[in-house]
Amino acid sequence: MSHFLKLSNVLINTRQIIMVNAFKGQYKIKINAEYPDINGFWICGSGFMKYNGTQIVVDEKEDPKDYQIVTEWIQQQ
């Protein structure tokens, strides 16, 4: 089994996939980014952080080939 998911414009390391949300005709793939957007503040050791990892959207109407690739990959899991 390959450790990479090859789509038309991106190569995804499957070990970095955190979650795949499946909607009707669309997949949202959330991956752990090396340099994510992190927002928040700290005061004297307490505070809050908001982590925005990278999300890749694969739509059935816009990218039917990529949608089929992700569907087959999910079925193999």
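Everything below is about the structure shown above.
As the structure is a computational prediction, the values presented were derived from the model and not from experiment.

**Student:** Can you tell me about the sheet that holds strand E7 (residues 54–59), naming the residues and giving the values?
**Tutor:** Reading across the sheet, the three strands line up as E3-E4-E7 and stay open at both edges, with antiparallel pairing between neighbours. Of all strands in the sheet, those with a lone pairing partner are strand E3 (17–23) and E7, marking the two edges. Each adjacent strand pair in this sheet contributes to an overall mean axis angle of 15 degrees, direction not counted. As judged from the six bridges shared by E3 and strand E4 (residues 26–31), these two strands associate in the antiparallel manner. Across the sheet, residue Ile17 finds its bridge partner in E4, namely Ile31. Helix-sheet contacts for helix H1 (residues 64–76) involve E3, E4 and E7, and the interaxial angle to E4 is about 65 degrees.

**Student:** Quick rundown of the packing of aromatic side chains? Include the residues and the values.
**Tutor:** Ring pairs (aromatic) are described by centroid distance and by the angle formed between their planes. On inspection of all chains with the given rule, the structure shows one aromatic pair. Ring geometry for Tyr27 against Tyr67: centres 4.7 Å apart, planes inclined by 25 degrees, an arrangement best described as stacked. Residue Tyr27 is found in strand E4, and its partner Tyr67 is found in helix H1; the two are separated by 40 residues along the sequence. What makes Tyr27 buried here is its relative accessible area of 8%.

**Student:** Can you tell me about the nonpolar core, naming the residues and giving the values?
**Tutor:** Counting 12 residues, the largest nonpolar core consists of Leu5, Leu7, Ile12, Ile17, Tyr27, Ile29, Ile31, Ile56, Val58, Tyr67, Val70 and Trp73. For this core, the secondary-structure elements that each account for two or more residues are E4, E7 and H1.

**Student:** Just give me the short version of the environment of Lys65, but keep the residues and values in it.
**Tutor:** When you line up the elements, Lys65 lands in helix H1. For Lys65, a relative accessible area of 65% puts it in the exposed group. Each C-alpha atom of the pair Lys65 and Leu7 lies 8.3 Å from the other, and the pair is 58 residues apart in sequence.

Cut-off values and rules
Residues numbered from 1 in each chain as written. Predicted model: local features only at pLDDT ≥ 70, side-chain atom pairs only at ≥ 80, totals over all residues. Heavy atoms only, no water. Pairing = 2+ DSSP bridges. Helix = DSSP H or I, 4+ residues; strand = E, 2+ residues; numbered from the N terminus. Axes fitted to C-alpha atoms, helices over the stretch in contact; angles between N-to-C directions. Contact = heavy atoms within 4.5 Å. Phe/Tyr/Trp six-rings, centres within 6.5 Å; stacked < 30°, edge-to-face > 60°. Buried < 20%, exposed > 50% of the residue type's maximum accessible area, 1.4 Å probe, protein only. Core = buried A, V, L, I, M, F, W, Y, C linked by side-chain atoms within 4.5 Å.

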